[in-house]
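# Structure at a glance
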Amino acid sequence: MIKRYITNSYKETILVGEELSGMLKGGEIIALYGELGAGKTHFVKGIGKGLKIEREITSPTFVTVQVYTSGLLRLIHIDLYRVKDFSSLEEAGWYDFVDERSVIVLEWAEKIEEILKNYPVIRVIIKIMDDSKREIEINF
């Protein structure tokens with residue numbers, strides 16, 4: 001199944017992420033694709049909001065992994081921008097993250113596409129249309 005959205009602000013992008021969170025039961029891996037500045041972290045903020053995460057969702061670019069445990073499900077937010085290969089992610093605890101109590105959200109998921117073939121994945125493609133307008137495609 002594919003769902004498509006057009007958003008006209010980062011707030012609308014957050015709302016789409018929040019809508020997706022209502023479908024999550026735990027054990028999902030959400031792979032985000034989109035160029036720098038597309039709104040991937042805003043989308044994750046929406047997922048966090050929908051999961052009732054209390055802490056502010058921030059980009060984990062410099063720490064690679066942020067774990068949020070205060071919500072309905074554990075949210076594992078991983079930014080692969082600076083990751084060279086999957087072994088770095090293994091060392092960070094990948095196999096501990098994949099469980100039915102967690103939702104994993106991967107920014108720059110194309111970096112580990114080969115590994116993702118081993119898992120059911122929800123793919124989210126965010127395309128920049130102009131300064132504030134985005135096309136979001138969710139593939140279930």
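Keep in mind the model is a prediction, meaning the values are calculated, not measured.

Rules and cut-offs
- Residues numbered from 1 in each chain as written.
- Predicted model: local features only at pLDDT ≥ 70, side-chain atom pairs only at ≥ 80, totals over all residues.
- Heavy atoms only, no water.
- Helix = DSSP H or I, 4+ residues; strand = E, 2+ residues; numbered from the N terminus.
- Rg over C-alpha atoms; globule rule 2.2 N^0.38 Å.
- Buried < 20%, exposed > 50% of the residue type's maximum accessible area, 1.4 Å probe, protein only.
- Areas by Shrake-Rupley, 256 points an atom, 1.4 Å probe, with all protein chains shown as cover.
- Core = buried A, V, L, I, M, F, W, Y, C linked by side-chain atoms within 4.5 Å.
- Pairing = 2+ DSSP bridges.
- Axes fitted to C-alpha atoms, helices over the stretch in contact; angles between N-to-C directions.
- Contact = heavy atoms within 4.5 Å.
- Patch = residues over 30% accessible without salt bridge, like charges linked within 9 Å, V, L, I, M, F, W, Y side chains within 5 Å.
- Salt bridge = Lys/Arg side-chain N within 4 Å of Asp/Glu carboxyl O.
- Parallel < 35°, antiparallel > 145°, perpendicular 65-115°, else oblique.
- Left-handed = near helix turned anticlockwise from the far one by under 90°.
- Nonpolar A, V, L, I, M, F, W, Y, C, P; charged D, E, K, R; others polar.

### Some points on the overall build of the chain
Along the chain, the regular secondary structure elements total five helices and seven strands. Starting at the N terminus and walking to the C terminus, you meet the elements of the chain as β-α-β-α-β-β-α-α-β-α-β-β. Computed over C-alpha atoms, the radius of gyration of the chain comes to 14 Å, within 12% of the 14 Å expected from 2.2 N^0.38 for 140 residues, which places it in the range of a compact globule. With respect to the three principal axes, the spread of C-alpha positions in the chain is 40 × 30 × 30 Å. Counting every position in the chain, which comprises 140 residues, the buried fraction comes to 49%. A total accessible area of about 7,300 Å² is found for the chain, and carbon and sulfur atoms account for 51% of it.

### Quick notes on the nonpolar core
By size, the foremost hydrophobic cluster in this structure holds 23 residues, and its most contacted members are Ile30, Phe43, Ile47, Leu75, Val124 and Ile138. If you list the elements that add at least two residues to this core, you get helix 1 (10-21), strand 2 (29-33), helix 2 (40-50), strand 5 (102-107), strand 6 (121-128) and strand 7 (134-139). Counting 19 residues, the second largest nonpolar core, distinct from the first, contains Ile76, Ile78, Val83 and Leu116.

### Topic: the sheet that holds strand 5
Spatial ordering of the open sheet is given by 1-7-6-2-5-4-3, a layout of seven strands whose pairing is mixed. Edge positions in the sheet fall to strand 1 (2-7) and strand 3 (65-68), since each of these pairs with one other strand and no more. Averaged over all pairs of adjacent strands, the angle between strand axes in this sheet comes to 15°, irrespective of strand direction. Where strand 2 meets strand 5, four bridges bridge the pair, whose relative direction is parallel. Residue pairing for strand 5: Ile29 is matched across the bridge by Ile104. With respect to the sheet, helix 1 is in contact with strand 1, strand 2, strand 6 and strand 7, its orientation differing from that of strand 1 by roughly 155°.

### A few points about a nonpolar patch on the surface
A surface patch of nonpolar side chains, amounting to about 300 Å² of accessible area, comprises Met1, Met23 and Phe140. Mapped onto the elements of the fold, Met1 is located in the segment before strand 1.

### Side note on unusual backbone geometry
With a phi close to 65°, Lys52 is a non-glycine residue in the positive phi region. With respect to the secondary-structure elements, Lys52 resides in the loop between helix 2 and strand 3.

### So, the packing of helix 1 against helix 2
Two elements in contact, helix 1 and helix 2, have axes whose closest approach is 6 Å; the angle formed by their N-to-C orientations is 45°. In terms of axis orientation, helix 1 runs oblique to helix 2. Helix 1 and helix 2 meet at a crossing whose hand is right-handed. Judged by residue contacts, Tyr10, Thr13, Ile14, Val16, Gly17, Glu18, Leu20 and Ser21 of helix 1 engage His42, Phe43, Lys45, Gly46, Ile47, Lys49 and Gly50 from helix 2. Residues belonging to the contact of helix 1 with helix 2 are distributed by class as follows: six nonpolar, six polar and three charged.

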